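# Observations on chain architecture
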Amino acid sequence: MKQEKINKLLHAMSLDEKIGQLIQLSGEFFSTADISIGPSQKLGISQKMVNLCGSALNVVGAKNVHKIQDEQMKRQPHHIPMLFMSDVIYGFKTIYPIPLGLGCAWNPELVKKAFNSAADEASAAGNQVAFAPMVDVVHDARWGRVLESPGEDPYLNSVYAKSMVEGLQQDLKSKKGQAACVKHFAAYGAIESGREYNSVDMSLSNLFQNYLPPYKAGVNAHAKMIMTSLTTLNGVPSTADKWLLDDLLRKSWNFKGIVISDYASIYELIKHGFAADTTDAALKAINAGVDIDMKSPCYATGLKQLLTDGKLDENKVDQAVLRILKLKNELGLFEDPYYGASEAREKGNILTTDKRLLARKLASQSIVMLKNDHQALPLKKNTKIALIGPYANNRNLIGMWAIHGNPQDTVTILDGIKENTNYVKVAKGTDLCRNKKLLHNLGFLSNESIDKMVSDDKTESKNNQEAIRIASKADTIVLTLGEETYEAGEAGAKTNLELASNQIELLDKLSKLGKKIILILINGRPLVLTNIKDKVDAIIEAWFPGTEGGHAIADILFGKTNPSGRLTMSFPYSSAQEPLYYNHLSTGRPENNSQHVGRFVSKYIDSPAAALYPFGYGLSYGNVLYKNLELSTSHFKCNQVEKISIDVINESDMDREETIQLYIHQYVAKIVQPVKRLVQFQKIFIPAHKRIHVEFQLKPQELAYYDNQGKMCLEGGKYSVYLGMNGGQLLKKDFILLI
Ligand code: BGC
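Keep in mind the model is a prediction, meaning the values are calculated, not measured.

### Observations concerning empty space enclosed by the protein
Counted under the stated rule, the structure contains one cavity of 30 Å³ or more. Here the largest cavity is characterised by a volume of approximately 30 Å³. The wall of the largest cavity is formed by I664, H665, Q666, Q673, P674, K676 and R677. For the lining of the largest cavity, the per-class residue count stands at two nonpolar, three polar and two charged.

Here's what the structure looks like:
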């Protein structure tokens, strides 16, 4: 449809019809399943406004979408098609690893393919918008939603934001893509004390330097939508922050797309104490720049009155409606309201061999080997394995936000191992969690299911004994421990990052047998492994690895794939260290480089201050050497590019992939700078016994930082460049930037 036709349509629409376009409702309003994750509340929206509703939340399935679209279009005077949006966060039916795992793959190209392939599955099932990517920078492992983010680094998250948006939107024209919705704008990942829905308060320099870049990268990649955060930022709820949504996002970043509130967040302006009632909330949100009200009564019940009373300029509503109609038009919905969705395409498209292979590859790249003493891994083909633990033969490997995925499609760890060895005995050993109160607090589980999940003491003791029995007869124990699905993800904030006590007790019993123990972790956040690491020979952090998890884990265990994952979030020694992140500012009394000795330095008296496993860390099989760090010049001029090179030597018999990380540090600045920050990386393949010469080109702009006015500053002076692997193990050289 031409733009003039859209304009004409807008003029022909009644006020109610316009307002309808700005409302998003979930399945139960259209007599279908409500699979949203979020609080439910009677909204008090009239049937008339439901009939005029412009978009649906988490309604999927080609048949379903056809039916609802037909009915809604019939009811609407101008037969405007609805947009179907949903949480396709790391896969639709084929589930990839959780985004924290995707981050650890340091592989934006592969992630782009995964998001493209997720959009292909979802669009076939009638879904045109993905509420993804979630690129909040995350510093606090207590927050359950760290699962959804690529990690703690603004640069890495920015690279991922771009690739995820591009992957989703690449095939929009051929109706095999999805419009991307970057979230949660802004800085949701910095909530105080990691407690869900808590406040965010920070300096502008921190905001611009560390939190905004990923959203901006998504906008620059032409994301069609952006979602506000449920939280406040410096005292103003993001959903009503005119500075954030209008001045910054639309005016300064030139964002032309749609802004959608998060689930009920317009209504929640009242709870924040920012709006008096639903009408006031509607006024504040639309004036700030929110186009679509997700799952709240405010726009449906408030906007008309505000317009009639002359409190709201109709042009505001018109602009919002135009943006929505424009997206519908770009997607071709006026010509094909189903966006090519069909049951046949849906069936033929999901969980195909190619998609599963991609999921397997990504899962194996997202796995981080944290420990491998005395080459405990890889396992030999004839190893007698006792596979123990609540995740040994468990299909729940997809994590909380894979709401469209089905655990039944998942390859278990047992399935994967069986394909590699003839001797594997399996025992659950213990429950995932025996704390009924905690399970109850997860908010998803009925008392009956909790009763089923927590065995009685007698059964628990039998489970323990069976595990010990099979372990005694094996060469190697592969122990699978971790978090329950709903312990991580939205509203899964917790203060204790250790494994459940019953899991640790089982490990203690097994470690007395003196057998080799390989620990596999299935979880959604950094855990505290301080008291566990010495009891096992190897640790494989597998995250929630997705549909192909079992295969990917077995590929790593048996050395079919050399582990290449590197952490993108720091693992603490203790939960009380959180928030913990590598790119913190230099302190006046650094622990290892202070003029003071002893007590008066920046440290804890009862725990190391650094990470147990830092950002960038991860092991592979065989030795690698980084040598000959060279800079093209020690005095770097502003109009130049600094060439940085290094030799990477694979000393082993196995091919490997190395993620070479380039960090910088500025010694003297007007705003104190981080001890180091990532500015580039390259993931390269190095065949066995080969040396590769790797070059980076550093531009002066990459040395610039944001000040407290949100302005970029580039200052001359001394800088260091650090290059290498594994966070801690870095080579360093200094240079001077001449301005
Ligand atoms: C989450 C969003 C999600 C939305 C819709 C909210 O609770 O914060 O990330 O997209 O629900 O399901």
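### Description of the layout of surface pockets
When its volume is computed, the largest pocket comes out at roughly 1,200 Å³. Looking at side-chain class alone, the lining of the largest pocket contains 17 nonpolar, 13 polar and three charged residues. Considered as a void within the structure, the second largest pocket measures approximately 810 Å³ in volume. For the lining of the second largest pocket, the secondary-structure elements that each account for two or more residues are helix 7 (154–169), helix 8 (204–220), helix 9 (242–252) and strand 21 (677–686). The greatest single-element share of the lining of the second largest pocket, amounting to eight residues, is contributed by helix 8. In terms of residue class, the lining of the second largest pocket is built from 15 nonpolar, nine polar and six charged.

### Looking at the sheet that holds strand 6 (residues 225–228)
If you trace the eight strands from one edge of the open sheet to the other, you get 9-6-5-4-3-2-1-10, paired in parallel fashion. The outermost strands of the open sheet, each flanked by one partner alone, are strand 9 (258–260) and strand 10 (293–294). Two elements, strand 2 (residues 55–57) and strand 3 (residues 83–86), share three bridges in a ladder whose sense is parallel. Within strand 3, the position partnered with L57 by the bridge is M85.

### Side note on the site of the ligand
The immediate surroundings of the ligand are formed by 15 residues, with D87, R145, H184, D262 and E490 found nearest. Between H184 and the ligand, the recorded distance is 2.7 Å, taken from a side-chain N or O atom to an oxygen atom. Relative to its unbound accessible area of 310 Å², the ligand is 99% covered by the protein chains.

### Some points on the side chain of E484
With respect to the helices and strands, E484 occurs in the loop between strand 14 (476–482) and helix 20 (501–511). Of the side chains with opposite charge, K494 comes closest to the buried, unpaired E484, at an N-O distance of 9.4 Å. There is a polar contact of 2.8 Å between the side chain of E484 and the backbone nitrogen of Y486. Contacts of E484, omitting those with residues within four sequence positions, involve Y391, L432, L439, L442, M453 and F544.

### Section: the environment of G340
Locating G340 in the fold gives a position in the loop between helix 13 (314–330) and helix 14 (343–349). A relative accessible area of 28% places G340 in the partly exposed class. With 165 residues separating them in the primary sequence, G340 and K175 have C-alpha atoms 6.1 Å apart. Aside from chain neighbours lying at most four places away, what touches G340 is K175 and R345.

### Quick word on helix 9
Turning to helix 9, its buried residues are L244, L245, D246, L248, L249 and R250. Of the residues flanking the start of helix 9, the one acting as N-cap is D241, its side-chain oxygen 3.1 Å from the backbone nitrogen of W243. Positioned one or two residues after helix 9, N254 has a phi angle of 65°, which is positive.

### Observations regarding the state of the cysteines
Covalently bonding the sulfur atom of one cysteine to the sulfur atom of another cysteine gives a disulfide. Going through the model one piece at a time under the given rule, you end up with zero disulfides. With no disulfide of its own, C298 lies closest to C53 among cysteine sulfurs, the gap being 15 Å. With no disulfide partner, C638 has as its closest neighbouring cysteine sulfur the one in C713, 13 Å distant. For C638, a relative accessible area of 35% corresponds to the partly exposed category.

Rules of the game
- Residues numbered from 1 in each chain as written.
- Predicted model: local features only at pLDDT ≥ 70, side-chain atom pairs only at ≥ 80, totals over all residues.
- Heavy atoms only, no water.
- 1 Å grid on protein atoms, 1.4 Å probe; cavity = no way out; pocket = protein on both sides within 12 Å on 5 of 7 lines; lining within 4 Å.
- Points joined across faces, edges and corners; volume = space filled by probe spheres on them.
- Nonpolar A, V, L, I, M, F, W, Y, C, P; charged D, E, K, R; others polar.
- Helix = DSSP H or I, 4+ residues; strand = E, 2+ residues; numbered from the N terminus.
- Pairing = 2+ DSSP bridges.
- Near = heavy atom within 4 Å.
- Polar contact = N/O pair within 3.5 Å; in protein donor to acceptor, adjacent residues only side chain to side chain.
- Areas by Shrake-Rupley, 256 points an atom, 1.4 Å probe, with all protein chains shown as cover.
- Buried < 20%, exposed > 50% of the residue type's maximum accessible area, 1.4 Å probe, protein only.
- Lys, Arg positive; Asp, Glu negative; His and termini not counted.
- Salt bridge = Lys/Arg side-chain N within 4 Å of Asp/Glu carboxyl O.
- Contact = heavy atoms within 4.5 Å.
- Disulfide = S-S within 2.5 Å.

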